[in-house]
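# Survey of secondary and tertiary structure
Residues per chain, in single letters:
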Amino acid sequence: MSNQIKHLTTSYGAPVADNQNSMTAGSRGPTLIQDVHLLEKLAHFNRERVPERVVHAKGAGAHGYFKVTNDMSIYTKAKLFNGVGKTTPMFIRFSTVAGELGSADTVRDPRGFAVKFYTEEGNYDLVGNNTPIFFIRDAIKFPDFIHTQKRDPRTHLKNPNAIWDFWSLSPESLHQVTYLMGDRGIPATLRHMNGYGSHTFKWVNAQGEAVWVKYHFKTEQGVKNMSNDVAAKLAGENPDYHTEDLFNAIEKGDFPKWKLYVQIMPLEDANTYRFDPFDVTKVWSHKDYPLIEVGQMVLNRNPENYFAEVEQATFSPGTLVPGIEPSPDKMLQGRIFAYSDAHRYRVGANHNLLPINRPKVEVNNYQRDGQMRSDNNSGHSVYYEPNSFGGPTELPAAKTTAFQVSGAADSVPYDHNDHYTQAGDLYRLMTEEERTRLIATIVGAMKPVERDEIKLRQIQHFFQADPEYGERVANGLGLAIPQEVK
Ligand code: HDE
């Protein structure tokens, strides 16, 4: 690095003579509008913030790589999963869900687990959470659900009445509510939690054979959680505790690692499985579809610049590569629209030109212009297709596999509605200590709810999942299980 002094310049490269004093008419005269350095500095300062993510605003990111330990070409032609030893650079962003950009890390909330693989076939984004399931199962309910997680429009405070009113009227949320109110609701650090693709996706191999797949990132640091008391203390004393822990661990070479596994379901099983495999509020039993190891993800490099690499990172479940395709999961389908729409609004139409989002392969298409077109806008190459001038042409082998659809076009509810078995199984899997903590957390969260009708409706769901679960929450709230439920 040359030790030549770098002179201060304006954004258009002109040298700045004085960065201490505004230009004025005499020492007490008015400031001169011709002080372009002053004007530019103040004006750019006003425009330093891009809109924060409407959910998952608070986050931390890291670079790393993914290495295949078990060849998956029998299931998928996606090159990042083909061939033991295949190594793909990646970037991950962890996040909370409901809090704003400056909110505390150690809140009870799912954690975003968004992975961008820079593969040799273009970017592949696996935008999951640290929970294998979610609260709702139709995208159309997401804005409503998130409204209840955010601030009351009148008081600007979090509103437990809204939270529990929505959940008690949405029984499909019971499984994820149990997960969230349990020990894993507050991870000890971002390194001591698992990650999941949550949805079902489709893998297709080179012969065009397809299977359904679910992703599981198992932390090699071991799952460790944080108690309510420690979390509350840290939220006050060090609201960026998780962010700091991840940065420091990588900085000192203690690289966090995860093993990636998948569950594989034969295509035809989807028609007979006892749960709807495309319902993201439900899991597939590991007995039915055991975990198969795929590879290892290692985080070994911190961002150089938070805004450039973390705030401007854009992930989408629709960023797919050949061999990986969506399933009919209604939440996944809705997300495929929503994320790129959010990126165009939050970062701009050309967000994929930014270094953190740019693929590490050549991009050839006929998209032109748009704000902040920071590349050469494809120069003077041919700008339409078809053409006779050697422009980029389609690659038919990359075609998404055709699949049959049936039924009338309509607003159709799910036809599998057992929301209690898996939530009850999760409760019964817990040790007595875990159950005691779960009940205490739920009772604490539900106490401020003003209307007993809402509490009783939610207690009925807990009771249907497991009578003991319902009884213990009812007792904690000083309420009795309604006779008609027993
Ligand atoms: Fe998101 N979600 N989400 N979400 N989500 C966003 O995209 C959305 C859902 C998740 O670090 C937004 O870029 C809809 C499930 C993560 O940048 C937005 C639905 C899961 C991140 C959005 C869901 C997630 C987001 C906000 C219901 C786990 C942060 C800004 C269909 C499987 C990614 C943005 C990052 C971010 C929409 C539900 C995870 C608004 C419509 C389920 C990890 O587009």
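Residues numbered from 1 in each chain as written. Predicted model: local features only at pLDDT ≥ 70, side-chain atom pairs only at ≥ 80, totals over all residues. Heavy atoms only, no water.

## Quick word on the coordination of the iron atom of the ligand
Protein coordination of the iron atom of the ligand is limited to a single donor, Tyr339 (OH), positioned at 1.9 Å. For tyrosine 339, the location among the structural elements is in helix α8 (residues 330–346). (Donors = N, O, S within 2.8 Å, 3.2 Å for Na, K, Ca; no water. Helix = DSSP H or I, 4+ residues; strand = E, 2+ residues; numbered from the N terminus.)

## Quick word on the side chain of serine 95
Among the structural elements, serine 95 can be located in strand β2 (residues 87–95). Only 2.8 Å separates the side chain of serine 95 from the side chain of histidine 56, close enough to count as a polar contact. In this structure serine 95 touches His56, Lys58, Gly59, Pro110, Arg111 and Gly112, once residues within four positions along its chain are discounted. (Polar contact = N/O pair within 3.5 Å; in protein donor to acceptor, adjacent residues only side chain to side chain. Contact = heavy atoms within 4.5 Å.)

## Quick word on the site of the ligand
Around the ligand sit 22 residues in total, of which Arg53, Arg93, Arg335, Tyr339 and His343 are the nearest. Contact between the ligand and arginine 93: an oxygen atom at 2.6 Å from a side-chain N or O atom of the residue. Mapped onto the shell around the ligand, the elements with two or more residues apiece are β3 (112–119), β4 (122–129) and α8. Looking at the shell around the ligand element by element, the count peaks at 6 residues for α8. (Near = heavy atom within 4 Å.)

## Quick notes on the side chain of asparagine 357
Position of asparagine 357 among the secondary structure elements: in the loop between α8 and α9 (421–429). Overall, the relative accessible area of 0% leaves asparagine 357 in the buried class. Beyond its immediate sequence surroundings of up to four residues, asparagine 357 is in contact with Lys116, Asn123, Gln312, Ala313, Thr314, His351 and Asn352. (Buried < 20%, exposed > 50% of the residue type's maximum accessible area, 1.4 Å probe, protein only.)

## Here we look at α9
Along α9, the residues that are buried comprise Gln422, Ala423, Gly424, Leu426 and Tyr427. Considering only its buried residues, α9 is in contact with α4 (174–181), α10 (432–446), α11 (452–465) and α12 (467–477).

## Quick word on the pattern of salt bridges
Between side chains of opposite charge, pairing is possible as soon as their charged atoms come close. Considering all chains together, one arrives at 27 salt bridges under this definition. Across the pair lysine 141 and aspartate 144 runs a salt bridge, and its minimum N-O distance is 3.4 Å. We classify lysine 141 as partly exposed; its relative accessible area is 33%. Classification of aspartate 144 by relative accessible area gives partly exposed; the value is 35%. Between aspartate 165 and arginine 457 there is a salt bridge, with its nearest N and O atoms 2.7 Å apart. (Salt bridge = Lys/Arg side-chain N within 4 Å of Asp/Glu carboxyl O.)

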